[in-house]
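Structure at a glance
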Amino acid sequence: MAQAVQPPEVAGRAYLLYDVTASQVLAAKDADMPVEPASLTKLMTAYLVFDALRAKKLSLTQTLSVSERAWKMPGSRMFIDPKMQVPVEDLIKGMIVQSGNDATVALAEGVGGTVERFVEMMNAQAQALGMKNSQFKNPEGLTATGHTTTARDLATLATRLMKDFPADVAYYAIQKYRYPGTPAANDTNRNLLLFRDPTVDGLKTGHTNAAGYCLVATARRDVAGLGEGKAGQRRLLSVVLGAASENARAVESQKLLNWGYTAFEPVRLVKAGEPLVEPVVWKGKAPVVKLGLPDGVVVSVPAGTAKQLKTDVVRPDPLVAPLHAGQSLGVLRVTQADGSVVAEVPLQVLQTVEEAGILGRAWDAIRLWIK
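Quick look at the structure, then. (Residues numbered from 1 in each chain as written. Predicted model: local features only at pLDDT ≥ 70, side-chain atom pairs only at ≥ 80, totals over all residues. Heavy atoms only, no water.)

1. Some thoughts on the side chain of Lys 204
Short version of the rule: The secondary structure listing takes helices from DSSP runs of H or I that are at least 4 residues long and strands from runs of E that are at least 2 residues long, numbered from the N terminus. Note on classification: 1.4 Å probe, protein chains only; a residue is buried when its accessible area is under 20% of the maximum for its type, exposed when over 50%, partly exposed between these limits. Positive charge is attributed to Lys and Arg, negative charge to Asp and Glu, and no charge count is given to His or to the chain ends. Basic side-chain nitrogens of Lys or Arg form a salt bridge, by our definition, when they fall within 4 Å of a carboxyl oxygen of Asp or Glu. Side-chain atoms alone can form a polar contact between residues adjacent in sequence; in general such a contact is a pair of N or O atoms within 3.5 Å, and within protein one must be able to donate a hydrogen while the other accepts it. Whether two residues are in contact is decided by their heavy atoms: any pair within 4.5 Å suffices.
Structurally, Lys 204 is set in strand E5 (residues 200-208). Of the side chains bearing the opposite charge, Glu 246 lies closest to the buried Lys 204, which forms no salt bridge; the N-O distance is 10 Å. Only 2.8 Å separates the side chain of Lys 204 from the side chain of Ser 99, close enough to count as a polar contact. Dropping the residues within four chain positions of it, Lys 204 is found in contact with Ser 39, Leu 40, Lys 42, Leu 43, Met 95, Ile 96, Ser 99, Tyr 172, Cys 214, Leu 215 and Val 216.

Have a look at this one:
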């Protein structure tokens, strides 16, 4: 579907535009090519830090010491030193807003005990998230042999970061921050889109000589007719890798985001919590099962084609209890009038259907046999 709409020319080694609301890739170039992530690595570091906070292994007010290793980190820094005891929340801001390698290492040591153990955690988490083409060698993103990822994996990571830690991602919208006693000139977020586009609220920049200038950006805009409140907002995510300059990565990312919002329109097929279909269930305590998605079903289609959509649910038949809430069951196939596939959306069981008693199961077994 995305190939039917010509994306703009993007000056970068690789890119990907993802509709987070619809869970669809709208455009991509060399999305599976191995690249150096530079400081985009810190998205994974942040994921593990936020996870440690959720598990109460850390607290925002807890202070961490600054090791010699953290203090001597080259590249972007927060400018902390071994004489300091720095609160975790300040280290998070230093890692995200200032892209501080020193803050990043301090957090890695605080979560993993050692940097080496933390890197093992990063790679395990990457596999758990389905980042099949990523391998991390350090938590900050400095060039290292074998330290690579892809635009697609970064989109996966960024999407999960926003989904799994919605409150914590607010740090990525902070425009200015510095720790007391550190240089005032080092207080500005390098994501220029935060200052140019009020709908952009993240996420992370990266740069090394090998990686070029990189940016994972995300925007959230209101869309008429999509729904009320947050349900009426559409989020897009762009990954631009290997741009020529700090300004270029911002310009190319803005170009992709704007194109995604204008070239495609979202269509809400089902509201959150409502079933898309209710097919018959055999041998269950309930006669039907509700299939859909907890957040509803939204698809992105080329602008002006919404009225031409056709939908079809492909699922196993017959459906036999027990069926459990959250279980994947069937696919919603959305096509245009010419038969081209717009999207294939995996459906879930919204409410558990327990197995019926022995008499109910026996009766349905007879009915199925006759059928």
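2. Brief notes about the packing of helix H1 (residues 42-54) against helix H3 (residues 88-96)
Going by this rule: Helix axes are fitted to C-alpha atoms over the stretch in contact, other axes to C-alpha atoms as well, and angles between N-to-C directions run from 0 to 180 degrees. Reported orientations rely on four angle classes, namely roughly parallel under 35 degrees, roughly antiparallel over 145, roughly perpendicular from 65 to 115, and oblique for the rest. The handedness criterion is simple: a crossing whose near helix is rotated anticlockwise from the far helix by less than a right angle is left-handed, and one whose near helix is rotated clockwise is right-handed. Lys, Arg, Asp and Glu make up the charged group, whereas Ala, Val, Leu, Ile, Met, Phe, Trp, Tyr, Cys and Pro make up the nonpolar group; the residues left over, Gly among them, are polar.
Running from amino to carboxyl end, H1 crosses H3 at an angle of 160°, the nearest separation of the two axes being 11 Å. The orientation of H1 with respect to H3, classified from their angle, is roughly antiparallel. Where H1 crosses over H3, the two elements pack in a sense that is left-handed. On H3, the residues that touch Lys 42, Thr 45, Ala 46, Val 49, Phe 50 and Leu 53 of H1 are Val 88, Ile 92, Met 95 and Ile 96. For the contact of H1 with H3, the per-class residue count stands at eight nonpolar, one polar and one charged.

3. Thoughts on the layout of surface pockets
Heads up, the condition is: With a 1 Å grid spanning the protein atoms alone, the term cavity applies to any set of points in which a 1.4 Å probe fits but cannot get out, the term pocket to an open set with protein on both sides within 12 Å along at least five of seven lines, and the term lining residue to any residue with an atom within 4 Å of a point. Grid points are joined across faces, edges and corners, and a volume is the space filled by probe spheres set on the points.
Here the second largest pocket defines a volume of roughly 150 Å³. If you tally residues by element for the lining of the second largest pocket, the top one is E5, at four residues. Residue composition of the lining of the second largest pocket, by class: two nonpolar, ten polar and four charged.

4. Let's talk about unusual backbone geometry
Across the junction of Gly 202 and Leu 203, the peptide omega takes the value 10°, indicating a cis bond. As for its placement among the helices and strands, Leu 203 is situated in strand E5. A cis amide bond, omega 5°, links Asp 317 with the succeeding residue Pro 318. Relative to the helices and strands, Pro 318 is located in the loop between strand E12 (310-314) and strand E13 (319-320). Phi is positive for Ala 38, close to 50°, though the residue is something other than glycine. Within the element layout of this structure, Ala 38 appears in the loop between strand E2 (24-29) and H1.

None of the figures reported here should be taken as evidence of function without further support.
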